[in-house]
Structures are given as C-alpha cells and as structure tokens.
Amino acid sequence: MPIRRSKILVKWIYENQHKMQTLRRCSSTLRYKELEENVQALEHLAPPAMEAALPTHQPRPDITPDVSFKYDDLKVALAAPYQLQRKPEAVDLGFGKYFTDHMLKIHYHRELGGWQKPEITPFENLSIHPAAKALHYAVQLFEGLKAYRGVDDKIRLFRPDLNMHRMNLAAKRSGLPMFDGDELIKCIKRLVQIDQEWVPHSETSTLYIRPTLIGTEPTFGIVAPESAMLFAILSPVSAYYKTNSDGAVSIYADPSVVRAFPGGVGNRKVGSNYGPTIEVTSQAAKLGHQQVLWLFGPNQELTEVGAMNIFLVYINENGEKQLSTPPLNGLILPGVTRRSILELASQWEDVTVKEEVITMDRVIQLNKQGRLVEMFGAGTAVVITPISNIGYMETNINVPTMEQKHPVYQRLKDTLLAIQYGHIEHPYAKIIT
C-alpha cells in the first residue's frame, strides 16, 4: 500500500508541478558562458586565405550546460507488433509523409530539477496543455539532419555535432533549456538503430531526423517556460520538391517582402522563420517558380533561397572562377551543408572561395557581362539544387547553370553524396555502430 501511495504522489507532482511554487530547486542550477552571437558560426568556416581577416580575440562559444540529460539514463519501450507501421516503397516517399515506429522524448521541469530521463517509446501523438507556450508564442525550435545507408550497408550521420551546436544556440535565443549535444546524439543514434529498417536501401532516399524542442508550460506569461519537451521523430524521405525537366529550379525575387531582419532570429532554426514564408512561396508557385529568393535592404542583398543557403559561381576580376555566398550577418542560417561546401571547395586549387555581400544589381551586372556561371541553393533537405532562372521585377534572368560542361555545383554535390553514402571515408560522416 505505501508503494502505491508513493506512485500516486509522484504522478500528482508530475502533472501539477506548474502550480507549485515551494518545491526545492535543484542545487546545481544551469549556468552558461557568454555567447558571441555574430561570430559563433565563423570559426573554421572560411578558407585559409580568409582566416587572417577573422577576429582572433573572440572566445569559442561554450553552450554545454552544467546539467543535462544523460544517454546512460535512456529507457526504451519497444512497439508491440500491432503498433508497427507498413513501410512505404521508396517511390512513394515524398518528404515527411511517413514516420517510423518509435520516437525519442525528454521532458524538462525546472521545479523537478531540470531535465528528466530520456525515453524511446512507440510513435504516438503528443499530449500538451492548450495554453502551452509553444502554441501561443512560438516558443519552439527544431533541427534537421539525415541518416544515410551507405554502399557498405552501414548507416551514417553527417556532422551531427553542428546540428546540436546550432540547436543549443536557438534554445538560448528562445529561452528554452540547453543540453549536452553529445548526449542527444547518442540518444538519436539509439533511436535510429531501433528503426534502422526504415533507412532506405537507396541513394536517392534517406531517413530524415527532426529533433524538436518546445515550451510546454501552460501559462500565458511571455517569459522563459518552466517546463519543456525535447522530442525526435524520424521520416524516410526522397526529393524535397519538384524541379524543372532539366533538374534545376526557377526562383522568385520580390523586394517588397523579407524573411529576416537585423537583430531578429533569421540565423536560428525556429518555426517563426518558416510559417510566414508560405504565402509568398504560394504566390511564386502561381507564377511558375519553385522557390523564393529572399532579399533584404535598400541594396536588395541576397540572403537565402527558400529554406536554403544561396551560392553563386562567376568569373571574377582576375579571370578566376569564384564561388561566393553571403556572409553570416545574423540574417542567414549557418547551414551545415553551407559550411561543408565552403570547407571542401577551399581545398580546390581551381576555385576561389569567398563570403561576400551579393546584391541583385551585382547579379544582373555579372549576368549581362557573361560572367555569371552558376547559381544554386544548398541545405540538408535538398543537398544542392541548381538554379536556372530568377523572376525579378516582371522580368526573367536566365542563369546558365545547366549549360556548363563541368559545373561546380555537381562536383560539390557528388563529393557530399560520396561522403554521406560511404563511397569515400571522411571525418564528416559518423557511422552508427
């Protein structure tokens, strides 16, 4: 009987902790070191020629909290046979339409000491209070990474440490609890191991991993939530969106709309960055374009294209082939694929790599001079997508990306896919053992 009463008491505390003000707080509170928002993603990003220009006095950001959940505490409850889902054919996948049999969940309750023990459970709907801050104030964030089945049948993750670093930066900006990224990677690896048969046996499909962190405290106060939930779900995916017959996309640039602004959260992967883009993207689709090229400011600076980082290849003033992308100025997400492209291409002797401000006037000028060679977008979901046309101010700018005999975008894409699918061994790829 005493044991039963204890269980009832624990359950009551768990369900009503948000009402309680007198519970003892954990003696080891979360403490974070100072972050430098504007330089966090620049370290090790630029090619060697640029490193001298980067500030050397800035400390490396430390975003590991003193208290975190631990992989060693992970509890696993496997799905019963009747809970298992039918696995779709690769040709039917699409993007984010199907989900695997299990999910990872980790609760956070400040009054109960912070992070609770992680658990893997059968895939299920979430139950949250209607007043949860995630529903009213967009106190939520997410990440996106993939698991690849290699030619050796081994499953690999691509630079997951960068995703964890970026997720913690978004958590800090959103008032949500941070965590030890290495511990979450271990938990995600175990989840993928359990659902490993969902990783497609194909090099045109992957298993998309979506870690998400939401504020669950059921109060209307616009303050950091006292409770939160971190969960990760898995989805086998193929192409992110359709392209033209040549494999490229057409993009639409409207100077009257912006995706992000200085001092905002354009450089963080939070849901509020994406919902407001849907209407403009729909308008672009009606005009025959697949994505939106987001411009900013009176000079109409290029920032991102859709949910991708944007790249140009052109012949510079020295007659060299140059790969350029806008710098991380707070408006742009520090993409894992973006960083990988810059690091890989900086090792090539026949391409100059540079981060620079790029305006629409500059794009038009390069195109008129016959110096604009390629444009492409890059991101986890799409890897690399070539761009062949820009709809701008009631005109179309034709970009000769698909006319190149040996395009830079294809060389980069082949290199990334070779790493991800195990054709070559590379430290970017982390094998799940």
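See the structure printed just above.
Along every chain, residues carry numbers that run from 1 in the direction the sequence is written. Whole-chain, interface and lining totals are the exception, using all residues; otherwise, since this is a predicted model, local features are given only for residues with pLDDT of at least 70 and side-chain atom pairs are given and counted only at 80 or more. Side-chain measures were taken over the full set of non-hydrogen atoms in the model, leaving aside hydrogen atoms and water.

Undergrad: Run through the overall build of the protein, naming residues and quoting values.
TA: Scanning the protein from terminus to terminus reveals nine helices and 19 strands. Only protein chains enter the calculation, and the probe is 1.4 Å; a residue is then buried if its accessible area is under 20% of its type maximum, exposed if over 50%, and partly exposed in between. When the 433 residues of the protein are sorted by exposure, 51% land in the buried category. Here the contacts in the protein between residues at least 6 apart in sequence split such that 73% fall between residues at least 24 apart. In this description, accessible areas are obtained by the Shrake-Rupley approach with a 1.4 Å probe, and a residue is regarded as covered only by the protein chains that are shown. Of the roughly 21,100 Å² of accessible surface on the protein, 51% is carried by carbon and sulfur atoms. To qualify as a helix, a DSSP run of H or I must reach at least 4 residues; to qualify as a strand, a run of E must reach at least 2; elements of each kind are numbered from the N terminus. Only heavy atoms enter the contact rule, under which two residues are in contact if any of them lie within 4.5 Å.

Undergrad: Quick one: what's the story with the pattern of salt bridges, residue by residue and with numbers?
TA: Salt-bridge detection follows one rule: a side-chain nitrogen of Lys or Arg within 4 Å of a carboxyl oxygen of Asp or Glu. Summed over all chains, the structure comprises 13 salt bridges. Taking the shortest distance from any N to any O, the salt bridge between Glu317 and Arg362 comes out at 3.4 Å. Of this pair, Glu317 sits in the loop between β13 (308-315) and β14 (321-325) while Arg362 sits in helix α8 (residues 360-368), and the two are 45 residues apart along the sequence. The structure contains a network of salt bridges with shared partners spanning Arg159, Arg339 and Glu343.

Undergrad: A description of the packing of aromatic side chains should follow, citing residues and the corresponding values.
TA: Stacked, tilted and edge-to-face are the three classes assigned to paired rings of Phe, Tyr and Trp, where Trp is represented by its six-membered ring and a pair needs centres within 6.5 Å; plane angles under 30 degrees give stacked, over 60 edge-to-face, the rest tilted. Evaluation of the coordinates by the stated rule reveals 10 aromatic pairs. Taking 5.1 Å as the distance between ring centres and 85° as the angle between the ring planes, the aromatic pair formed by Phe69 and Trp115 counts as edge-to-face. One end of the pair, Phe69, is in the loop between α2 (48-51) and β1 (75-76); the other, Trp115, is in strand β3 (residues 114-115), with 46 residues separating them in the sequence. Since its relative accessible area comes to 2%, Phe69 is described here as buried. Its relative accessible area of 10% is what places Trp115 among the buried residues.

Undergrad: Give me the packing of helix α7 (residues 336-345) against helix α9 (residues 408-420): which residues, what numbers.
TA: Two packed helices can be described by the angle between their axes and the distance between those axes. For helices, the fitted axis covers only the stretch in contact; all axes are lines through C-alpha atoms, and the angles between them, taken along N-to-C directions, range from 0 to 180 degrees. Remark: α7 packs on α9, axes separated minimally by 11 Å, with the N-to-C direction vectors making an angle of 110°. It follows from the interaxial angle that α7 and α9 lie roughly perpendicular. In this structure, α7 uses Thr337, Ser340, Ile341, Leu344 and Ala345 to contact α9, whose residues at the interface are Leu412, Thr415, Leu416 and Ile419. Geometric relationships in this document are graded by angle, where less than 35 degrees denotes roughly parallel, more than 145 denotes roughly antiparallel, 65 to 115 denotes roughly perpendicular, and other angles denote oblique.

Undergrad: Summarise the nonpolar core; cite the residues concerned and give the values.
TA: By nonpolar core we mean a set of buried residues, namely Ala, Val, Leu, Ile, Met, Phe, Trp, Tyr and Cys, connected to one another through side-chain atoms within 4.5 Å. In this structure, Leu104, Leu184, Val192, Leu213 and Leu230 are the most contacted members of the largest nonpolar core, which totals 37 residues. Ranked by residues supplied to this core, first place goes to helix α5 (residues 181-194) with six residues. Once you skip the residues sitting within four places of it in the chain, Leu230 turns out to touch Phe69, Leu104, Lys105, Ile106, Trp115, Met167, Phe179, Leu184, Thr212 and Leu213. By size, the runner-up hydrophobic cluster in this structure holds 27 residues, among which are Leu342, Val383, Tyr421 and Tyr428.

Undergrad: Residue-level account of the environment of Gly377, with values.
TA: As for its placement among the helices and strands, Gly377 is situated in strand β16 (residues 372-379). The sequence separation of Gly377 and Arg338 amounts to 39 residues, and the corresponding C-alpha distance is 9.1 Å. Once you skip the residues sitting within four places of it in the chain, Gly377 turns out to touch Val305, Met308, Asn309, Val383, Ile384, Thr385 and Ile387.

Undergrad: Any chance you could break down the pairing of β14 for me, citing the residues and the numbers?
TA: Put simply, side chains in a regular strand alternate between the two faces of the sheet. With respect to burial, β14 is a largely interior element, four of its five residues being buried. Both β13 and β14 contribute to a ladder of four bridges, which runs antiparallel. Across the sheet, the residue bridging to Val313 is Leu323, located in β14. Each parallel crossover has a hand, and the one from β14 via α7 to strand β15 (residues 352-355) is right-handed. Paired strands are those between which DSSP finds at least two bridges. The path from the first strand over the helix to the second decides the hand: if it runs clockwise while the strands point away from the viewer, the crossover is right-handed.

Undergrad: Can you lay out the packing of helix α4 (residues 160-174) against α5 for me, pointing to particular residues and giving the numbers?
TA: Between α4 and α5, the shortest axis-to-axis distance is 9 Å and the interhelical angle comes to 125°. As summarised for this structure, α4 and α5 are arranged oblique, according to the angle between their axes. When the axes of α4 and α5 are compared, the crossing they make is right-handed. Contacts between α4 and α5 pair Pro160, Asp161, Met164, Met167 and Asn168 from the former with Gly181, Leu184, Ile185 and Ile188 from the latter. By convention the crossing between two helices is left-handed if the near helix lies anticlockwise of the far one by an angle smaller than a right angle, and right-handed if it lies clockwise.

Undergrad: So what's going on with unusual backbone geometry? Which residues, and what values?
TA: Positive phi values are uncommon outside glycine, yet Arg159 reaches one of about 50°. Mapped onto the elements of the fold, Arg159 is located in the loop between β7 (155-158) and α4. For Arg159, a relative accessible area of 9% puts it in the buried group. The residue Glu394 is not glycine, and still its phi comes out positive at about 65°. The residue Glu394 is located in the loop between β17 (383-392) and β18 (395-398) in this model. Classification of Glu394 by relative accessible area gives exposed; the value is 87%.

By themselves, these figures tell us nothing about what the structure is for.
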